[in-house]
Amino acid sequence: MTILRFSKDLFKHITTGKRAYFIWLGVLAVVMLNALISYINQLTHGLIVTNMRDQVSWGFYIANFTFLVGVAAAAVILVIPSYVYHFKPIKEIVLFGEMVAVTAVLMCLLFVVVDLGKPLASWHLFVTPNFPSSILMWDVIVLNGYLILNSLAVIYVLYCAANGREYKMYIMWPLVLISIPWAFSIHTVTAFLYNGLSSRPFWNASIIAPRFIASAMCSGPALMILVFQIARKVSDIEVNDKAIFKIAELIAYAMGVNLFLYGAEIFKEFYSMSIHVAPLEYMFHGLKGHTLLVPFTWTALVFNLIAFVVLLSPGLRNRFLYLNIACVLVFIGVYIEKGMGFVIPGFVPDTLGEIYDYLPSYTEISVSAGIWAFGAFFYTLLLKTAIPIYKGELSFLSHNMRRNLKESH
Amino acid sequence: MNRRGFLKSAALGVGGILLPAKDSDASVWEAFFQKHFREMNDKEKKDVVARLEIEYMQKYKKRITVKSTPALPNVLYGYGLDLSRCIGCRRCVYACVTENNQSRKPQIHYITVLQFKQGEKWVSDLEEAKKYYNAEEVPEAGHFYMPVQCQQCERPPCVKVCPTQATWKEPDGIVVVDYNWCIGCRYCMAACPYGARKFNWGEPEIPLDEINTETHYLGNRPRLRGAVEKCTFCVQRVRENPGRYPACVEICPVGARKFGNLLDPNSEIRTLIETKRVFRLKEELNTQPKFYYFFSL
Ligand code: SF4
Ligand code: SF4
């Protein structure tokens, strides 16, 4: 009966809130609905409604996927300081970081599904998996594993909170210990997805996996800083400033590494000026009059540089205005760098030397927006559920027991 | 209800939302639950072929035969292309389209004929190549041509990366795709160094009177939207007994295209590999194509 009462309480809690809460959910629902319409259109006509073609066979969907794997992986940047170094301010919010990871992985899986030509055939993946040969199979495994690990951690912590007790470290430890290397693995495997293709020199560079990790440690935490601030404004969770500034500091270091690796790659290509420089030329100043990607590339680079400077200086990053601007810049910068700025140039020029200028179509944009809206929707509900449980307002215990417990504390 | 029946009705519930109602007859579900071609026994192959033939009959109002002839023993196909002869007329391109029932709208071509200006870079840097040249007369003075199609790699990256094993190398060296098994992830397209794999972005369309009714399951049978396809050295022709040349070899007006069994020391293909100046495209990638470019002059 407790479960029933709990569910009822939870339902009541989720369905009550300020007006802004419902407007927010409503807007997201509209975006999701619009995406659904676009997706149904894509299902009936095929991927021809996207702007992808044989020359550029992966586009905006896979770009978003790649970026979000990074966001998911970045949960470790909270997990390590909180569980391994017991940094208290972060320990209090690590749960919300893990929830970001869960949400991001779900979004990743959605992006892969909408990219499939025959989504209904995806069960074939499990009947004749090309394992260990296909890196895509590895990715399916590590991503789902990561989803399970983080979901378990979140559920366990909340379950304990709902029972009014502390979680047991001997249960948490194995989860944490596995999830740290696992977080690196999801992004490494995603990097290898591209990295292993000798047909595409732009991707076939050994620096790709480290670059992926470095940029993930920028974008994910930047998103979390923004989300935590919003969350503490609109709800009654406490997020210590110290935690936020610590994360900002970590982003600065990660961005330093990221820019360094990027520079190393640019040097190698432009100094040697081999035929493989073509994709980078396409990005930075256009190839044979095709300059579509140039503004994106420079925007990303300038944004990342400015953010790096701001986050590196304690005087600036400890002021919320600058910090937030920097986080937005990092987010956009890495979003371009890892998405459009990484996936597309791999295909340009194509293997027979053709240049096909790719920009996402309306369908691709609206479906992607829908998946982002789904992420926001899902995370909002997660917070709405987790916060009261975490604070002990929502629990398996009855009201009386809860009151007694409080008094005895 | 047995397991299959249960799965079917369960899927009907889910699929009913996703599929137009008119298609919800038994064969849609048989197609849905069809096994991987390589895991079928002879009886299952026969059933699937029979089902496909009925389906095609309904769709194209024509009797279309679907063969599933396996690879012939002691055969490894190889292809030769004489660069000193090719005039860039692209007859091969269109013969291929007709023979292999490629979609006309949207257009799919297995063969790309690249045009190069004499003296310009080529071989490893194809960026100077023109794919969409439009000449009154071929060959254009001061130009030469290099057709590219699936190289039937001995170590095919497309096969290595496919997550579902929907594409594989047959014993006779031909790399094939089970269109029904492909999920349309297009990883193989990213992996192929020769731009040889084509995706059905839209519903493939062929004028009814242009359909080639002699087809092979792994070759030129009508294709599915959302699946990848590619050149198969005309598997429906070369596995005949006696074997026929691929359509591109047959049509080439200047005899630039050669085809044969690499395991037969007396074959034309072996002779030319042993006596001509031969090269393979992007050799540094070690995909080991069984497609040899050579110069007869
Ligand atoms: S040329 Fe491309 S499609 Fe053909 S076998 Fe090689 S990798 Fe596969
Ligand atoms: S598109 Fe089809 S054949 Fe190509 S890798 Fe994906 S499942 Fe395999």
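What this report covers is the structure whose coordinates are included nearby. (Residues numbered from 1 in each chain as written. Chains lettered and ligands numbered in written order. Predicted model: local features only at pLDDT ≥ 70, side-chain atom pairs only at ≥ 80, totals over all residues. Heavy atoms only, no water.)

### Quick word on the layout of surface pockets
All names here are of chain A.
Argument step 1. One number sums up the size of the second largest pocket: a volume of about 1,000 Å³.
Argument step 2. Forming the walls of the second largest pocket are 32 residues, and the residues nearest its centre are W24, I230, V234, T380 and L383.
Argument step 3. For the lining of the second largest pocket, the element with the highest residue contribution is helix α17 (residues 362-390), accounting for nine residues.
Argument step 4. When the residues that make up the lining of the second largest pocket are grouped by side-chain class, the tally is 22 nonpolar, six polar and four charged. (1 Å grid on protein atoms, 1.4 Å probe; cavity = no way out; pocket = protein on both sides within 12 Å on 5 of 7 lines; lining within 4 Å. Points joined across faces, edges and corners; volume = space filled by probe spheres on them. Helix = DSSP H or I, 4+ residues; strand = E, 2+ residues; numbered from the N terminus. Nonpolar A, V, L, I, M, F, W, Y, C, P; charged D, E, K, R; others polar.)

### Points about the site of ligand 2
Argument step 1. Around ligand 2, the neighbouring residues are C162(B), P163(B), T164(B), T167(B), C182(B), I183(B), G184(B), C185(B), R186(B), C188(B), R197(B) and V228(B).
Argument step 2. Here the shell around ligand 2 is composed, by residue class, of seven nonpolar, three polar and two charged. (Near = heavy atom within 4 Å.)

### Looking at the interface of chain B and chain A
Argument step 1. Between chain B and chain A, the residue contacts involve 53 residues of the former and 49 residues of the latter.
Argument step 2. Approximately 4,100 Å² of surface area, both sides summed, lies buried where chain B meets chain A, with 58% of it carried by carbon and sulfur atoms.
Argument step 3. Contact with chain A buries surface across chain B, with E127(B), Y187(B) and W201(B) losing the most and accounting together for 20% of the total.
Argument step 4. The interface formed by chain B and chain A holds three salt bridges in total.
Argument step 5. A salt bridge links E354(A) to K131(B); the shortest N-O distance between them is 2.4 Å.
Argument step 6. For the pair chain B and chain A, the number of links is 37 residue pairs in polar contact (both at pLDDT 80 or more).
Argument step 7. Where the side of chain B that touches chain A is concerned, the elements lending two or more residues are β3 (112-117), α5 (157-161), α6 (187-191) and β7 (198-199) of chain B.
Argument step 8. Sorting elements by how many residues they give to the side of chain B that touches chain A places α6(B) first, with four residues. (Contact = heavy atoms within 4.5 Å. Buried area = accessible area lost by both parts, 1.4 Å probe. Salt bridge = Lys/Arg side-chain N within 4 Å of Asp/Glu carboxyl O. Polar contact = N/O pair within 3.5 Å; in protein donor to acceptor, adjacent residues only side chain to side chain.)

### Thoughts on the pairing of strand β2 (residues 77-82) of chain B
Residues and elements named next belong to chain B.
Argument step 1. In terms of burial, β2 is a largely internal element, six of the six residues being buried.
Argument step 2. Burial along β2 is two-sided: Y77, Y79 and L81 facing one way and G78, G80 and D82 facing the other are all buried.
Argument step 3. Where β2 meets strand β10 (residues 257-261), five bridges bridge the pair, whose relative direction is antiparallel. In the strand pairing of β10, Y77 is matched with N261. (Buried < 20%, exposed > 50% of the residue type's maximum accessible area, 1.4 Å probe, protein only. Pairing = 2+ DSSP bridges.)

### What about the packing of helix α10 (residues 208-234) of chain A against helix α15 (residues 320-338) of chain A?
All names here are of chain A.
Argument step 1. The interhelical angle for the contact between α10 and α15, taken along N-to-C directions, is 135°, at an axis separation of 9 Å. In terms of axis orientation, α10 runs oblique to α15. Crossing hand, α10 versus α15: left-handed. Facing α10, whose interface residues are R211, F212, S215, A216, C218, S219, A222, L223, I225, L226, Q229 and R232, α15 presents F320, L323, N324, C327, V328, V330, F331, V334, E337 and K338. (Axes fitted to C-alpha atoms, helices over the stretch in contact; angles between N-to-C directions. Parallel < 35°, antiparallel > 145°, perpendicular 65-115°, else oblique. Left-handed = near helix turned anticlockwise from the far one by under 90°.)

### Some words on a nonpolar patch on the surface
Argument step 1. Among the surface-exposed residues, L33(A), L36(A), I37(A) and I40(A) lie close enough to one another that they form a single nonpolar patch of about 410 Å² accessible area.
Argument step 2. As for its position among the elements, L36(A) is in helix α2 (residues 19-45). (Patch = residues over 30% accessible without salt bridge, like charges linked within 9 Å, V, L, I, M, F, W, Y side chains within 5 Å. Areas by Shrake-Rupley, 256 points an atom, 1.4 Å probe, with all protein chains shown as cover.)

### Description of helix α11 (residues 241-272) of chain A
Residue and element names in this part refer to chain A.
Argument step 1. Compared with an ideal rise of 1.5 Å per residue, which puts 32 residues at 46 Å, α11 spans 47 Å between its outermost C-alpha atoms and is within 8% of the ideal.
Argument step 2. Its side-chain oxygen placed 2.8 Å from the backbone nitrogen of K242, N240 serves as the N-cap of α11.
Argument step 3. In the stretch just after α11, M273 is the one whose phi turns positive, near 50°. (Expected span 1.5 Å × (residues − 1).)

### Notes on unusual backbone geometry
If a residue is not glycine, its phi is most likely negative; likewise, a peptide bond is most likely trans.
Residues and elements named next belong to chain A.
Argument step 1. Along the chain, F131 connects to P132 via a cis peptide bond; the corresponding omega equals 5°.
Argument step 2. Along the chain, the position of P132 falls in the loop between α7 (124-127) and α8 (135-162).
Argument step 3. Between V348 and the following residue, P349, the backbone shows a cis peptide bond with an omega angle of -10°.
Argument step 4. Structurally, the position occupied by P349 is in the loop between α16 (340-347) and α17.

### Here we look at the side chain of E170(B)
Residues and elements named next belong to chain B.
Argument step 1. Locating E170 in the fold gives a position in the loop between β5 (167-169) and β6 (175-177).
Argument step 2. The class of E170 is buried, set by a relative accessible area of 11%.
Argument step 3. In this structure E170 touches V176, L218 and R239, once residues within four positions along its chain are discounted.

### Let's talk about the pattern of salt bridges
All names here are of chain B.
Argument step 1. Applying the stated rule across the entire model yields 32 salt bridges over all chains.
Argument step 2. With a shortest N-O distance of 2.8 Å, D47 and K43 are connected by a salt bridge. Here the residue D47 and the residue K43 both occupy positions in helix α3 (residues 42-60), the gap between them amounting to four residues, near one helical turn.
Argument step 3. Residue class for D47 comes out partly exposed when judged on its relative accessible area of 39%.
Argument step 4. You can call K43 exposed: its relative accessible area is 55%.
Argument step 5. Two residues, D172 and R239, come together in a salt bridge whose shortest N-O distance is 2.8 Å. One end of the pair, D172, is in the loop between β5 and β6; the other, R239, is in the loop between α7 (235-238) and α8 (247-251), and 67 residues separate them in sequence.
Argument step 6. A relative accessible area of 0% places D172 in the buried class.
Argument step 7. Note on R239: relative accessible area 2%, which makes it buried.

### Thoughts on the side chain of T385(A)
Residue and element names in this part refer to chain A.
Argument step 1. Here T385 lies in helix α17.
Argument step 2. Using a relative accessible area of 17% as the deciding quantity, one classes T385 as buried.
Argument step 3. When sequence neighbours within four positions are dropped, the list of residues in contact with T385 reads L10 and I14.

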